[in-house]
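Structure at a glance
So you can see what is in the structure, the chains are spelled out below.
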Amino acid sequence: MSSETKTKFDSIKTLSDKYLLNTYNRYPVAFQYGVGEMIFDQDNKGYIDFLAGIAVSNLGHGEADLIEAIRNQMDKIFHSSNLYYSEEQAKLAEVIIENSIPGKVFLCNSGTEANEAAFKLMRRHGVNQNIDKPVILALHSSFHGRTLSAMSMTGNESVRNGFGELAADIHFVEANNEDSLIQAFEQYGGSIAGIIMELIIGEGGVIPLSQSFVNLARKLTEETNSLLVFDEIQTGMGRTGKMFCFENYGMYPDAFTLAKALGSGFPMGALVVSKEYESVLEKGMHGSTFGGNHLACVAAYETFKIILSRNLLDHVATISEQMFLRLKQMMESTGKIKEVRGRGLHIGVELFTESRPVVEECLKRGLVVNSTAGKVIRIIPPLILSIEKATEGLDILESVLKEMK
């Protein structure tokens, strides 16, 4: 890092420390632009991006068609509000439904807002069933957001602690523990309004749910007339080699949430509700000032077009196979890896030791990866990742692991 750039980075850090709330444990770098699967800092040093802005930049950086679509819309209108109809909203909702489940869409700005909407959907469904205190089930180690209701459905105590009493009547079951799931349905019986789950628990360590566990959840919700809701905020938009992760399980949810890669970095979220339950939330029951504004809808619609028109889903499957093979070889070559798990390009590498020092060293050597759940390295690169950059990035990771004590 040059002295001039160091001064520039230091000024950015100083300004940030002075004016931004200290709610993030940031790494010592500031990125200024990206190209494809590469991202560059203030010194124009390039980094292979195995993080994609935490599963957001699925199309990589600087995607020309996306930029052109956003630029064209910027010449027209940004925002007019949900008091009026919007062609951009209608087209986006159509492409979401045509590629997922028959039903309707609510548009918002983020993942936590999408899950807030899902919370209200489940609660309202329970009220409609004349349940006095509707119960919502969620999974231990899960993450659904940081607003009150989303945080209340999050099974990670470090996220929940320190804020006093949270939303009532939310109870947790162990992921992939069928006895725990059965017990919860037996205990709360006819009071259950719904269950929300990530099909791959992300922040909790990249833990895929088993087919049998998801099948059981579907069976129990059908028997109790409760809602099965999937949080597809990280796993959606092609991340697992399917447009939505639930396609890998061969079943439809009653509702699912989207955000992150939906807008390719433009703030965008959605709750998708199946046809059977699309009338649960009536006029005036929910809303969003900025949700579904013209600009965000164009970004999301173009994202769908690009994924569907470029065979990116097949590409994800190919690159994923190569990366899983290499990572399992690294288990032998390094002796530092306990387990490799995940699906598609949502990969968790569990170490025998803490993962953050590995992530910090990778960053120094030009690889951006993520540390989660203490000992897990999370690899969630852009879907456009080439085999060359995949290999180069894994070379860096392997060298760091071999040298770590």
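Residues numbered from 1 in each chain as written. Predicted model: local features only at pLDDT ≥ 70, side-chain atom pairs only at ≥ 80, totals over all residues. Heavy atoms only, no water.

Thoughts on the sheet that holds strand β10 (residues 227–231)
As a reminder of what qualifies: At least two DSSP bridges between two strands are needed for those strands to be called paired. Secondary structure elements are defined from DSSP: runs of H or I of at least 4 residues count as helices, runs of E of at least 2 residues count as strands, and each element is numbered from the N terminus. The axes are straight lines fitted to the C-alpha atoms, using for helices just the contacting stretch, and the angles between their N-to-C directions are given from 0 to 180°. Two residues qualify as a contact provided that any one of their heavy atoms is within 4.5 Å of a heavy atom in the partner residue.
Pairing is mixed across the open sheet formed by seven strands, whose spatial order is β4-β12-β11-β10-β7-β5-β6. Each having just a single partner strand, β4 (103–108) and β6 (170–173) make up the two edges of the open sheet. Strand-to-strand, the axes of this sheet are offset by a mean angle of 20 degrees, without reference to chain direction. Note that strand β11 (residues 255–258) and strand β12 (residues 269–274) share four bridges and pair antiparallel. Note on β12: the bridge partner recorded for L258 is A270. The strands touched by helix α5 (residues 111–128) are β4, β5 (135–139), β6, β7 (192–198), β10, β11 and β12; relative to β7, the strand with the most contacts, the crossing angle is about 155 degrees.

Notes on the environment of E354
You can see E354 is positioned in the loop between β14 (346–351) and α12 (356–364). Spatially, the C-alpha atom of E354 lies 8.6 Å from that of S371, the residues being 17 residues apart in sequence. Excluding its chain neighbours within four sequence positions, the residues that come into contact with E354 are G374 and K375.

With respect to the pattern of salt bridges
Put simply, the rule reads: The working definition used for a salt bridge is a side-chain nitrogen of Lys or Arg within 4 Å of a carboxyl oxygen of Asp or Glu. The cut-offs for exposure are 20% and 50% of the maximum accessible area for each residue type, with area from a 1.4 Å probe on protein chains only; residues under the lower value are buried, those over the upper are exposed, and the others partly exposed.
For the structure on display, the rule yields 20 salt bridges. D395 is the partner of R326 in a salt bridge, and the nearest nitrogen-oxygen pair spans 2.7 Å. Taken together, the residues R326 in helix α11 (residues 312–334) and D395 in helix α13 (residues 387–403) connect sequence positions 69 residues apart. Residue D395 is classed as partly exposed on the basis of its relative accessible area, which comes to 38%. If you follow the salt bridges from partner to partner, you end up with R326, D395, E398 and K402 in one network.

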